[in-house]
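Now for the letters of each chain:
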Amino acid sequence: SQGNRVKLVEVGPRDGLQNEKKTIPLATKIELIERLARTGVSTIEAGSFVSPKWVPQMANSSEIMEHLLQHKIQSPGPLTYSFLAPNSKGFENAANILKQNLRAFSTQLEPSIGGEAEAKPAVEVAIFAAATESFSQKNLNCDIQKSLESFKTVIQDSKALGLRVRAYISVVLGCPFEGFDVDPHKVAEIATDLLESGADEISLGDTTGMGTAPRTSALLRCMAAAGIRNEDIAMHFHDTYGQALVNTAVSLEHGIRTFDSSVGGLGGCPYSPGATGNVATENMVYFMETLGMETGIDLDAVADIGAWITEEVGRANDSTVGKAVLGA
Ligand code: HMG
Ligand code: MG
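The shown structure was predicted, so the numbers you read here are calculated from the model rather than taken from an experiment. (Residues numbered from 1 in each chain as written. Chains lettered and ligands numbered in written order. Predicted model: local features only at pLDDT ≥ 70, side-chain atom pairs only at ≥ 80, totals over all residues. Heavy atoms only, no water.)

**Student:** Any chance you could explain the coordination of the magnesium ion (ligand 2) here in plain terms?
**Tutor:** Each donor-metal-donor angle in an ideal tetrahedron of four donors is 109.5 degrees, and each such angle in an ideal octahedron of six donors is either 90 or 180 degrees. At the metal site, the magnesium ion (ligand 2) is ligated by Asp15 (OD), His236 (NE2) and His238 (NE2), and these contacts range over 2.0 to 2.4 Å. Ordering the donors of the magnesium ion (ligand 2) by residue number gives the pattern D-x220-H-x1-H. Residue Asp15 is located in helix H1 (residues 12–16), and its partner His238 is located in the loop between strand S7 (233–237) and helix H10 (244–254); the two are separated by 223 residues in the primary sequence. What makes Asp15 buried here is its relative accessible area of 3%. His238 gets classed as buried once you look at its relative accessible area, which sits at 3%. (Donors = N, O, S within 2.8 Å, 3.2 Å for Na, K, Ca; no water. Helix = DSSP H or I, 4+ residues; strand = E, 2+ residues; numbered from the N terminus. Buried < 20%, exposed > 50% of the residue type's maximum accessible area, 1.4 Å probe, protein only.)

**Student:** Would you take a moment to explain the site of ligand 1 for this structure?
**Tutor:** As a structural note, the neighbourhood of ligand 1 is formed by 28 residues, with Ser51, Trp54, Asn139, Ser170 and Thr207 the closest of them. Arg14 is positioned with one of its side-chain polar atoms (N or O) 2.8 Å from an oxygen atom of ligand 1. Within the contact set of ligand 1, a nitrogen atom lies 3.2 Å away from a backbone nitrogen or oxygen of Gly90. Protein contact buries 76% of the 1100 Å² of open area that ligand 1 shows by itself. When atoms are counted within 2 Å of each cavity's grid points, the one that captures over half of ligand 1 is the largest pocket. Secondary structure elements with two or more residues in the shell around ligand 1: H1, helix H4 (88–100), helix H6 (133–140) and strand S5 (164–170). Per-element tally for the shell around ligand 1: the top contributor is H4, with 3 residues. (Near = heavy atom within 4 Å. Polar contact = N/O pair within 3.5 Å; in protein donor to acceptor, adjacent residues only side chain to side chain. Areas by Shrake-Rupley, 256 points an atom, 1.4 Å probe, with all protein chains shown as cover. 1 Å grid on protein atoms, 1.4 Å probe; cavity = no way out; pocket = protein on both sides within 12 Å on 5 of 7 lines; lining within 4 Å. Sits in = over half its atoms within 2 Å of the grid points.)

**Student:** How do you make sense of the pairing of S5 when you look at a structure like this?
**Tutor:** Residues in a regular strand project their side chains so that they alternate between the two faces of the sheet. Of all 7 residues that make up S5, 6 are buried, and the element is covered over most of its length. Bridge analysis of strand S4 (residues 122–130) against S5 gives 7 bridges, and the strand direction is parallel. Considered in S5, the bridge of Ile127 is made with Ala167. Here S5 pairs with strand S6 (residues 201–206) via 4 bridges, running parallel. Counterpart to Ile169 in the pairing with S6 is Leu204. The handedness of the S5 to S6 crossover, carried by helix H8 (residues 184–196), is right-handed. (Pairing = 2+ DSSP bridges. Right-handed = clockwise from strand over helix to strand, strands pointing away.)

Written as structure tokens, this is what we have:
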């Protein structure tokens, strides 16, 4: 039933890899995405159209997008590929590829009617705002107000192409520069602005992993008080303090059903010193299973991928569940 269903957004290929210093071969990234698609994951954040000067690891996102549109990727159900685009320049770079492959993806303009259309992946654009002025300056090179104004253009242009838009808000439960004092009302205000601009979903980013159960609960109550619906919210927990699953439990109780996670617990943020990875997908899938919630994702398959990709990038496997499942 609908009540038991949880959507996990796999952010490993983007959030998980963006901070890696050593260039990861294109073929490895594509293999990662293809393997994830086969596990039953429905949305994969596949790349980022940001400045290669700032995030060199994401520089080949165009090639990734092209590959995904030009090859049939096997998956048990419909797939959505998500790509970050922080400004018009990033969006135009993505749009150029999309316009050359217009028949390769399904859009919101022509709702899929089953059959062949079902087999086409959807593409989603992800923009990212911040809950504090310091983080906005560091991550986006502008203040919050200016970022919200420029996102309006990106949202409009995305909609014109029939693309769904996800909007992140970073540092909602703690900021590396401003500490724990992030105002939940400010988060709700930014979320409202983004939704009114046309964003389809808000992903609340606990970028630093500083979120705690009581403050996660307070944030979600504040969002509800501002009239934001649970179905428009995703939670994006980093596990720096090991609180991600606790905060996930609180969010589930609140009625949230979309969560971001990263295979092998890969990740970090280039502008968030000390931030470790996203909560591991393996841990999320296992946790949801213990609660009788359905993710549609094959735990053993994700555990295998976690072990493989962490080895490929030369990192420890940060998924406790992944290691337990594999007996490693
Ligand atoms: P800007 O205002 O143009 O200023 O970009 P800049 O000085 O940063 O620009 C540097 C160069 O990049 C310029 O080129 C720009 O034209 C170019 P130059 O004149 O030196 O030759 N440029 C671009 N190139 C390609 N694609 C673009 C683009 N934009 C500018 N889109 C901007 C400001 C923020 C766009 C830029 O600084 C940037 O791309 N920064 C990287 C931000 C980033 O990727 N952060 C990590 C992702 S967010 C995240 O991880 C958080 C999240 O996971 C949720 C959570 O955990 O909280 C989503
Ligand atoms: Mg993140």
